Amino acid sequence: MATELKLVPGQLTLADLRQVYHSAVHLQIEDAAWQEIDRSRAVVDNLVASGASVYGVNTGFGRLAQTRIDREQLATLQNNLVLSHATGVGALLNDDIVRLILVLKINALAQGFSGISREVIQLLVDMVNFELYPVVPSKGSVGASGDLAPLAHLSLPLIGKGQIRVGGKTQGSLTAFKNSRLNPIQLAAKDGLGLLNGTQVSTALALKGLFQAEQNMDAAFIAGSMTVEAALGSRVPFDRTIHEIRGHPGQIEAARIYRNLLAESEIGDSHANCDRVQDPYSLRCQPQVMGACLEQFKTVASCLQIEANAVSDNPLVLPDRAEIVSGGNFHAEPIAIAADNLALAIAEIGALSERRMALLIDSSLSQLPPFLVDDAGLNSGFMVAQVTAAALASENKTLAHPACVDSLPTSANQEDHVSMSTFAARRLTDMNENTRYILAIELLAAAQGIDLRRPMRSNEAIENAHNTIRTVASKWDQDRYFQPDLEAVSELIEDSAFGTWTDAYLEAAVPTQNI
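Residues numbered from 1 in each chain as written. Predicted model: local features only at pLDDT ≥ 70, side-chain atom pairs only at ≥ 80, totals over all residues. Heavy atoms only, no water.

K.L.:
Describe in detail the packing of helix α2 (residues 31–50) against helix α5 (residues 118–129), supporting the description with residues and values.
P.N.:
Packed helix pairs are specified by the crossing angle of their axes together with the interaxial distance, meaning the distance between the axes. α5 packs onto α2 with a crossing angle of 140° between their chain directions and a minimal axis gap of 10 Å. Of the possible angle classes, the one that applies to α2 and α5 is oblique. In contact with Trp34, Ile37 and Asp38 of α2, α5 contributes Arg118, Ile121 and Gln122. For the contact of α2 with α5, the residue count by class is three nonpolar, one polar and two charged. (Axes fitted to C-alpha atoms, helices over the stretch in contact; angles between N-to-C directions. Helix = DSSP H or I, 4+ residues; strand = E, 2+ residues; numbered from the N terminus. Parallel < 35°, antiparallel > 145°, perpendicular 65-115°, else oblique. Contact = heavy atoms within 4.5 Å. Nonpolar A, V, L, I, M, F, W, Y, C, P; charged D, E, K, R; others polar.)

Put into structure tokens, the structure is as follows:
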């Protein structure tokens with residue numbers, strides 16, 4: 001059942017955005033916003049009536065901006081814009097992403113700086129509420145002049161073209177509209193340009209990357225703590241004073257989480273007087289590495305919350321000045337850089353997890369049976385699971401290469417610097433999947449390590465996590481088909497089964513303000 005969401009344009013929170021991504025919503029725009037939408041539209045209508053030349057309203061686009069379009073052809077101009085720009089290719093975006101894009105587009109247009117017709121916004125709202133999600137290919141945007149190609153595909157149904165997914169099945173847009181008692185509309189001056197200009201696709205993909213990375217981060221805190229316990233690691237490196245002396249907020253928060261998870265336990269007490277001086281960095285430096293990643297998450301969360309509430313089309317309509325002005329808010333460099341930084345953090349979470357898991361299977365370091373299995377030699381245990389983790393961690397290193405530095409000019413050099421934000425954000429899905437599998441392997445290995453410490457017990461938090469894993473994957477007594485266990489624990493991570501340790505920290509991201 002859809003959740004009610006009352007939209008105050010420009011005021012979406014991270015919690016709102018998570019809700020829209022994770023489940024269907026029934027959207028209602030606050031009444032006051034419609035007045036601003038109409039004021040903005042009136043500026044467009046008045047300037048068209050005056051005969052003034054306004055980019056994208058009665059001119060061509062991009063390099064063709066100097067071409068004046070006759071008044072009787074303005075509707076055709078907007079239709080042609082949508083049709084000609086629908087050049088996307090590749091795998092289709094999932095419905096959850098398309099729903100988020102629709103809500104972001106509505107949130108931008110409803111702020112009253114786009115000059116778009118209220119009929120357009122209302123139809124977009126109806127599409128969200130009837131769960132009519134346009135078919136949008138994932139490739140074809142360079143993240144400058146907006147996400148033109150994917151937003152054109154998003155807009156096709158409004159003019160009776162393209163396809164829509166309903167309940168997971170694809171239909172022609174006219175059929176889907178008819179079944180929901182909706183009708184396509186005739187675009188007026190500037191409507192098509194307002195729909196196609198904007199960073200909503202890049203922003204939605206980056207938000208997905210952030211939300212998945214949060215789940216991985218939460219699981220990584222659990223996995224890292226379980227590995228410390230299984231490897232008889234020291235609690236000393238998580239001492240509060242160590243991290244306060246350095247001063248990084250993310251590191252301090254990460255250490256606090258580890259202290260909570262590594263409360264006193266029977267396993268911990270068993271080696272209180274051991275002669276080990278220092279643990280390897282993958283155990284000892286977890287607060288430093290995870291804290292740095294947590295700070296990146298917070299920076300990215302703040303950037304994406306601002307962009308989710310931004311007006312990023314062009315030209316902009318300024319009702320108080322009765323003007324239409326051209327700028328460059330469609331350039332998605334903030335999203336590209338944020339996504340690139342998030343990619344680094346995602347890669348590091350996975351890289352650290354792989355090292356911890358490698359430590360567990362090395363009996364000289366963990367003091368556990370080789371490869372975490374009895375009768376090693378007859379059984380290979382977790383040997384090749386670590387190979388998989390290494391392969392995924394290595395792949396993430398390549399994917400972490402910054403996308404924003406790879407600009408190619410478009411539109412006959414009119415758009416001579418682009419952000420590549422759409423790819424920067426889209427590749428985060430693959431990276432998060434890789435890291436999620438790495439963490440699943442570590443969680444399985446750490447649970448095995450704790451089993452091998454029996455009859456000693458850990459603390460409540462770690463035993464609860466161990467029990468969660470054991471609901472889907474039994475102890476490894478001898479070699480068996482490994483992959484089903486890996487998939488099952490990966491699904492637990494996707495379901496946030498290991499808690500939400502990062503939400504409160506990230507919710508402190510800088511709030512946005514309406515103009």
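K.L.:
Report on the pairing of strand β7 (residues 169–172), specifying residues and quantitative values.
P.N.:
The sheet contact formed by strand β6 (residues 163–166) and β7 spans four bridges and is antiparallel. Among the inter-strand pairings, Gln163 is bridged to a residue of β7, identified as Gly172. Where β6 hands over to β7, the hairpin turn is made up of two residues, of which Gly167 adopts a positive phi near 60°. (Pairing = 2+ DSSP bridges.)

K.L.:
Please provide a residue-by-residue account of the sheet that holds strand β4 (residues 133–134), values included.
P.N.:
The strand order across the open sheet built from three strands is β4-β6-β7, with neighbouring strands paired in antiparallel fashion. Because the sheet does not close on itself, it has two edges, and the strands there are β4 and β7. Bridge analysis of β4 against β6 gives two bridges, and the strand direction is antiparallel. Along β6, the bridge assignment pairs Tyr133 with Arg165.

K.L.:
I'd like to hear about the packing of aromatic side chains, residue by residue, with values.
P.N.:
With the rule as written, the count across this model stands at six aromatic pairs. For the ring pair Tyr21 and Phe211, a centre distance of 5.9 Å and an interplane angle of 45° mean the geometry is tilted. Here Phe211 lies in helix α9 (residues 200–230) and Tyr21 lies in helix α1 (residues 14–22), a separation of 190 residues in the sequence. Per residue, the accessibility class of Tyr21 equals that of Phe211, and both read buried. Residues Phe382 and Phe482 carry aromatic rings whose centres are separated by 5.2 Å and whose planes lie at 85° to one another, so their mutual orientation is edge-to-face. Placement of Phe382 in the loop between α16 (363–366) and α17 (383–399) and of Phe482 in the loop between α19 (460–470) and α20 (483–494) is noted, with a sequence separation of 100 residues between them. Phe482 sits in the buried class, given a relative accessible area of 16%. Among the aromatic residues, those joined into a cluster by ring pairs are Phe221, Phe238 and Tyr258. (Phe/Tyr/Trp six-rings, centres within 6.5 Å; stacked < 30°, edge-to-face > 60°. Buried < 20%, exposed > 50% of the residue type's maximum accessible area, 1.4 Å probe, protein only.)

K.L.:
Provide a residue-level description of the nonpolar core, including the pertinent values.
P.N.:
Counting 158 residues, the largest nonpolar core has Met226 and Phe382 as its most contacted members. Per-element accounting of this core gives the leading share, 17 residues, to α9. Ignoring any residue separated from it by four or fewer positions in sequence, one finds Phe382 in contact with Met357, Ile361, Phe371, Leu372, Ile441, Leu444, Ala445, Gln448, Trp476 and Phe482. (Core = buried A, V, L, I, M, F, W, Y, C linked by side-chain atoms within 4.5 Å.)

K.L.:
Can you lay out the packing of α1 against α9 for me, pointing to particular residues and giving the numbers?
P.N.:
The geometry of α1 relative to α9 is characterised by a closest axis approach of 11 Å and an angle of 95° between their N-to-C directions. Regarding the angle of α1 to α9, the classification is roughly perpendicular. In this structure, α1 contributes Leu14, Leu17, Arg18, Tyr21 and His22 to the contact, and α9 contributes Leu207, Lys208, Phe211, Gln212, Glu214 and Gln215. Counted by class, the contact of α1 with α9 contains five nonpolar, three polar and three charged residues.

K.L.:
Give a detailed account of the pattern of salt bridges, specifying residues and quantitative values.
P.N.:
The final tally for this structure, using the stated rule, is 20 salt bridges. Across the pair Asp191 and Arg41 runs a salt bridge, and its minimum N-O distance is 3.3 Å. Of this pair, Asp191 sits in helix α8 (residues 191–196) while Arg41 sits in helix α2; the two residues are 150 residues apart in sequence, bridging distant segments of the chain. We note that Asp191, like Arg41, is buried. Several salt bridges share partner residues, and in doing so they unite Glu36, Arg39 and Asp320 into one network. (Salt bridge = Lys/Arg side-chain N within 4 Å of Asp/Glu carboxyl O.)

K.L.:
An account of the side chain of Asp218 is requested, with residue identities and associated values reported.
P.N.:
You can see Asp218 is positioned in helix α9. Salt bridges are absent for the buried Asp218, whose nearest opposite-charge side chain, Arg18, sits at 8.2 Å. In this structure the side chain of Asp218 is engaged in a polar contact, spanning 2.8 Å, whose partner is the backbone nitrogen of Trp501. Among the polar contacts listed, one links the side chain of Asp218 to the backbone nitrogen of Thr502, at a separation of 3.1 Å. (Lys, Arg positive; Asp, Glu negative; His and termini not counted. Polar contact = N/O pair within 3.5 Å; in protein donor to acceptor, adjacent residues only side chain to side chain.)

K.L.:
Requested: an account of unusual backbone geometry, with residues and values cited.
P.N.:
With an omega dihedral of -5°, the bond running from Asn314 to Pro315 counts as a cis peptide bond. Locating Pro315 in the fold gives a position in the loop between α14 (286–308) and β8 (316–318). Between Arg454 and the following residue, Pro455, the backbone shows a cis peptide bond with an omega angle of 15°. Among the secondary structure elements, Pro455 is positioned in the loop between α18 (421–451) and α19. If you check the backbone angles, Phe371 has positive phi at about 60° while not being a glycine. Within the secondary structure, Phe371 sits in the loop between α16 and α17.

K.L.:
Can you tell me about α18, naming the residues and giving the values?
P.N.:
Spanning 31 residues, α18 covers 45 Å between terminal C-alpha atoms, matching the ideal 45 Å at 1.5 Å per step. Judged by how many residues are buried, α18 sits mostly within the fold: 26 of 31 residues are covered. (Expected span 1.5 Å × (residues − 1).)

K.L.:
Got a sec to walk through the side chain of Lys208? Specific residues and values, please.
P.N.:
Summarising the element assignment, Lys208 is placed in helix α9. Buried and unpaired, Lys208 has Asp96 as its nearest opposite-charge partner, separated by 5.2 Å.

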